[in-house]
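Each chain, letter by letter, is given below.
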Amino acid sequence: MVKHESRKLSKSQHVPSTQPQDLISRLPDDCICDIFSLLDASEDLLSCSTVSWRWAELVLSLGSKLCETQKKNHLELKGHDLDDTQLVKKVIGISCRDMVSMLDIIQLSSGSYANSGVEHVTDKGVRFATKAFPNLILVRLMGCPMITDNGILEISRRCSAFSSLHIEDCPSITVASLQTLVKHAKRLSFLSLDTCPQISSNAIVSFMTEKPGLANVELHSMDVVQQSAGSEVQTAMVPVSVHRESQIIHPLRTLLLEGCSGGYVQGLFHQMSVHLELPLLKCLVIWGSTVNHLDLIRLLGPNTTLQSLNLGRVSFSSYEGLMKVLYWCQETMEELTLEKCTFDEASLPGLADDIVPQDCPQMRMIRLDDCTNIADRFLSWLAKACPELMELSYVRIEHKNVINSQLFDVMCLCKMITKMDLSWCGGDDAAADYVISLLGATLQELVLDGWAQFTGHLEAPLGRRCHKLARLSLCYTAVDDIALRHMMSKKLRYLEEIVLVGTMVTDEIVQLLHWRRLPSLRKIDVRDCLCVTSHADAAHDFFDTFSAEWSDF
C-alpha cells in the first residue's frame, strides 16, 4: 500500500518547481489522474486528496469508482476538529453526489476561534463541497469563523437549485453576503440568521426589498450592529431601496424572531412597516424580546391575513395592547400562543368595545402558558369571541381551584373542543370529572400532567363519557393500578396513546390495559414509574406487534 503524508489543505504550499521532488506538479492533470487510477486501496486515494487542493479536485473528478462509497441525500459534517482536510475526506467518500441536496457544516468550538493552533473549514472547503454537490438545496453553516462572504458566493453561484440557507455564529459573514444572494440565489425562499453581528436590521429590510421570492425569514439572537468605521461601507454594499416612496408588496409568509434584542426588533419592525407591505404574512413568532403593540400593528398593516401568532417570553406594555393586536387580525386568526409573557399589572380591567375583538370565527387553537396575571380576563374574552375553538392549553396557571367561573364559561360556550391541556394547574378528581362531563362528547385528547391531587377515581369510566378519546396524559399524578382499572373498565375503541410518566402504576399495567379493551392502543409511556420493573419498558411502541405481545395476558 502506498503511504502518503496527510497535510492540512488550508496550509498547503507547492514547493518551487526548481526542486526535483516537486516535478510531479509539472505533469498535466490527465497524467496525474492516470496515476491515481492505478491505486487499488481507497485509503491511498483519500491520502492523495489531502496533499493539495489541485489533487483533491483531481481525485474528485475521478468519480466514485475508486472509493469506498455511501449514498446520502443529507451530509452532515460535524466535529471539534472539523477542517478542510476532514471535509475533503468526507466529500470524496460519497457516491451519487448528484443526490446530495442538504449539507450541514457544523464546527463545534471549545474555545476562541482566534487560537492559531485550531484549524477550521474555510471558503476553499465550501468551494470544494459545492463543486462536488451541485444540486444542493439546503445549506447550514454553524460555528464557522473562517467562512466569509466568498463562501456564500461559491454556494450561490454553483448551486442553481439552492433555496434554503441557515447561518449561525459565523462572525465573518457580512451584509455583502446578502448582496450575493440577491444576485445569484434566484430560488432562495428561506433565510435563517443566528448571531451574525455584522448584519443589521436595516440590511435585512433592504435585502427583502430586493428579494421578492423570500417566503420565510428567521432571525435568532440578533443585536443592534455597533457603528464603526467600516459599518457604513458594509451597509452600502447591499442595494438600498429604503428611499422608495411607496411600500413594496412582499410575499413573506413566516417571520420568526427569537432572542433578538429589543432595539433590533424595534428597528426591524419600523423599517418593515415603512417600506414593506405584508398581506400574505401567515405566521409571526416572537420569543424573548420586548414588543410594542403599536409596532406590531404597523407591521401587520390594514390588509393583514395573519393566521398564527406565537409570543413567548415577550414583554408587552399592557394587556390592552395585546387586545388591540388581536382586534387587528380577528377575522383571520387561527392559532394564538402566549407563553410566559409579562404585562403591565397596572392596566385597567375594562376595555373600550372598539378595541376588543368581538368575534374570531377562525380561531381553532389557543395556548396560554404561565400568564397568570391576565388569565381571568383573557378567558372571559375567549368564551365570547372564540366559539369555534378546538384546542385549549391552559398551562401553569396558578389557581386555588382550576375550575373557576371563567374556565367554566369557556367549556360551556365552546362546544367543539377536542383537545384540553390543563397541565400543572393543581386540579383534583372533582375538577377532572367536571371537565369530562362538559367536554366528553368531543374530547380526543386530555392532558392533566402535574395534578398531584388527581387519583383517577372518577364518577364513571372514561369510555362511557369520552368515547372518542385518542390520547390521555396523566404524568406525575397520583394514579395507581386500581384507579386505572376503573377508568379503563369500559372499552375505549380509539385510544392510541397513554402517558403515565412518574405515576405509581406497577407491572400489572400490562394486564390492566388488556389489548381487547383498547384495540387501537399503540404506545404507553411509563418512564420514571418506580414500581414498573418489567413488561412495560419506557416509552415502548407496540404498533403492529401490540396484539401479538399482549394476547397472552
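Rules behind the numbers
Residues numbered from 1 in each chain as written. Predicted model: local features only at pLDDT ≥ 70, side-chain atom pairs only at ≥ 80, totals over all residues. Heavy atoms only, no water. Helix = DSSP H or I, 4+ residues; strand = E, 2+ residues; numbered from the N terminus. Contact = heavy atoms within 4.5 Å. Buried < 20%, exposed > 50% of the residue type's maximum accessible area, 1.4 Å probe, protein only. Pairing = 2+ DSSP bridges. Right-handed = clockwise from strand over helix to strand, strands pointing away. Core = buried A, V, L, I, M, F, W, Y, C linked by side-chain atoms within 4.5 Å. Salt bridge = Lys/Arg side-chain N within 4 Å of Asp/Glu carboxyl O.

Trainee: Which residues make up the overall build of the protein, and what are the values?
Mentor: Counting its regular elements, the protein contains 19 helices and 22 strands. Across the protein, every contact between residues at least 6 apart in sequence was considered, and the portion connecting residues at least 24 apart equals 82%.

Trainee: A description of the pairing of strand S6 (residues 164-168) should follow, citing residues and the corresponding values.
Mentor: In terms of burial, S6 is a largely internal element, 4 of the 5 residues being buried. Here 5 bridges tie strand S5 (residues 138-142) to S6, and the two strands are oriented parallel to one another. Within S6, the residue paired with Met 142 across the bridge is Glu 168. Tracing the backbone out of S5, into helix H6 (residues 149-158) and back to the parallel element S6 gives a crossover that is right-handed. Bridge count for S6 against strand S7 (residues 190-194) is 5 bridges, and the pairing is parallel. Bridging across to S7, Ile 167 finds its partner in Leu 193. A crossover connection joins S6 to the parallel S7 through helix H7 (residues 176-184); in handedness this β-α-β unit is right-handed.

Trainee: Could you give me a rundown of the nonpolar core, with the residues and numbers involved?
Mentor: Phe 378 and Trp 381 are the most contacted members of the largest nonpolar core, which totals 158 residues. With 7 residues, helix H13 (residues 375-385) is the single largest residue contributor to this core. Apart from the residues within four sequence positions on either side, Phe 378 is in contact with Tyr 319, Met 323, Leu 326, Leu 336, Leu 338, Ile 366 and Leu 368.

Trainee: Can you tell me about the pattern of salt bridges, naming the residues and giving the values?
Mentor: Any two side chains of opposite charge can pair if their charged atoms end up close together. Scanning the entire structure with this criterion turns up 12 salt bridges. For Arg 127, the salt bridge goes to Glu 57, with nearest N and O atoms at 2.6 Å. On the criterion of sequence distance, the pair formed by Arg 127 in helix H5 (residues 123-132) and Glu 57 in helix H3 (residues 53-61) is long-range, its members being 70 residues apart. Taking the relative accessible area as the measure of exposure, Arg 127 reaches 30% and is therefore partly exposed. For Glu 57, a relative accessible area of 22% gives the class partly exposed. If you follow the salt bridges from partner to partner, you end up with Glu 339, Arg 367, Asp 369 and Arg 396 in one network.

Read these as spatial facts, not as claims about activity.
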